[in-house]
Amino acid sequence: MFTCMTSSPEETGHLAELVGQKIREGTVLCLEGDLGAGKTLFVQSLARTLGVEGDVTSPTFNLMNVYEGICRIYHFDLYRLETEEELDDIGFYEYTEEPEGIVVIEWPDKFPESLPDDYIEVRIRKLGEDSDERQIDFSSIGEKNQEFIKELEDFVHTGH
């Protein structure tokens, strides 16, 4: 695990760009944080780095958006889901168990038992109610991404 601090939306976006430069196809990225923490901003910056040109919005009502860039990005928002059966209905497991492209999940903490065995957790915390400061923790859940997290930490700390 490693932690980064940002003091503005621009810095948070830059951090996501750095992640976008290193992320690999087949990665599942789970973004946790309160409303307004910067999860969607993070996804927007990540997607731009990966060549997405259109609008990148939180799929709160669609539940999933697909973006075309250097590779496909499958962006889930689980905020409005109430039951695990709804995950089946939207094909969640088909995208997360053997991911092609990159899978980004907002609000993964709603269904922690439904997450894949291996993913990268990105926890974004606001430091103060009216502050733009964020603490962003990166960790590898499972074995698959352990080495990637170490590479990402080195890259982010030299470029951030």
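Look up a bit, the structure's there.
Residues numbered from 1 in each chain as written. Predicted model: local features only at pLDDT ≥ 70, side-chain atom pairs only at ≥ 80, totals over all residues. Heavy atoms only, no water.

J.: What is the right way to look at the packing of helix H1 (residues 9-22) against helix H2 (residues 39-49) in this model?
T.: Angle between the axes and distance between the axes are the two parameters that describe a pair of packed helices. In the contact formed by H1 and H2, the axes pass within 8 Å of each other and the chain directions differ by 45°. Taken together, the axes of H1 and H2 are oblique relative to one another. Crossing of H1 against H2: the hand is right-handed. Between H1, through Pro9, Thr12, Gly13, Ala16, Glu17, Val19, Gly20 and Gln21, and H2, the contact on the second element is made entirely by Leu41, Phe42, Ser45, Leu46 and Thr49. Each residue belonging to the contact of H1 with H2 can be placed in one class, and the counts come to six nonpolar, six polar and one charged. (Axes fitted to C-alpha atoms, helices over the stretch in contact; angles between N-to-C directions. Helix = DSSP H or I, 4+ residues; strand = E, 2+ residues; numbered from the N terminus. Parallel < 35°, antiparallel > 145°, perpendicular 65-115°, else oblique. Left-handed = near helix turned anticlockwise from the far one by under 90°. Contact = heavy atoms within 4.5 Å. Nonpolar A, V, L, I, M, F, W, Y, C, P; charged D, E, K, R; others polar.)

J.: What exactly am I supposed to notice about the environment of Lys144 here?
T.: Among the structural elements, Lys144 can be located in the loop between strand E7 (134-141) and helix H5 (146-159). If we ignore the near neighbours within four places in the chain, the residues touching Lys144 are Gly26 and Asp118. Polar contacts involving the side chain of Lys144 include one to the main-chain carbonyl oxygen of Gly26, which spans 2.9 Å. (Polar contact = N/O pair within 3.5 Å; in protein donor to acceptor, adjacent residues only side chain to side chain.)

J.: Would you explain unusual backbone geometry in this entry?
T.: One can expect most non-glycine residues to show negative phi and most peptide bonds to be in trans. The backbone phi angle of Trp107 is positive, close to 65°, even though this residue is not glycine. If you trace the backbone, Trp107 turns up in the loop between strand E5 (102-106) and strand E6 (119-126). Under the relative-accessibility criterion, Trp107 is labelled buried at 13%. (Buried < 20%, exposed > 50% of the residue type's maximum accessible area, 1.4 Å probe, protein only.)

J.: Can you help me understand the sheet that holds E5 in this one?
T.: Picture the strands of a sheet paired through backbone hydrogen bonds; they go either parallel or antiparallel. With mixed pairing, seven strands are arranged side by side in an open sheet as E1-E7-E6-E2-E5-E4-E3. Looking at strand neighbours, the two that pair on one side only are strand E1 (2-6) and strand E3 (64-67), the edges of this open sheet. Strand-to-strand twist across the sheet, computed as the mean angle between neighbouring axes with direction ignored, equals 20°. Along the sheet face, H2 touches strand E2 (27-32), strand E4 (73-77), E5, E6 and E7 and points at about 150° away from the line of E2. (Pairing = 2+ DSSP bridges.)

J.: Just checking my understanding: could you explain the packing of aromatic side chains for this structure?
T.: Aromatic ring pairs are reported here in terms of the distance separating the ring centres and the angle at which the planes meet. In total, this model carries seven aromatic pairs according to the counting rule given. Taking 4.8 Å as the distance between ring centres and 40° as the angle between the ring planes, the aromatic pair formed by Tyr74 and Tyr95 counts as tilted. Here the residue Tyr74 occupies a position in strand E4, and Tyr95 occupies one in helix H4 (residues 92-96), the gap between them amounting to 21 residues. Overall, the relative accessible area of 25% leaves Tyr95 in the partly exposed class. On the basis of an interplanar angle of 75° and a centroid distance of 5.1 Å, the ring pair of Phe76 and Phe92 is categorised as edge-to-face. Remark: Phe92 occurs in helix H4 and Phe76 occurs in strand E4; sequence separation between them is 16 residues. (Phe/Tyr/Trp six-rings, centres within 6.5 Å; stacked < 30°, edge-to-face > 60°.)

So, to be careful, I would describe these as geometric facts and stop short of saying anything about function.
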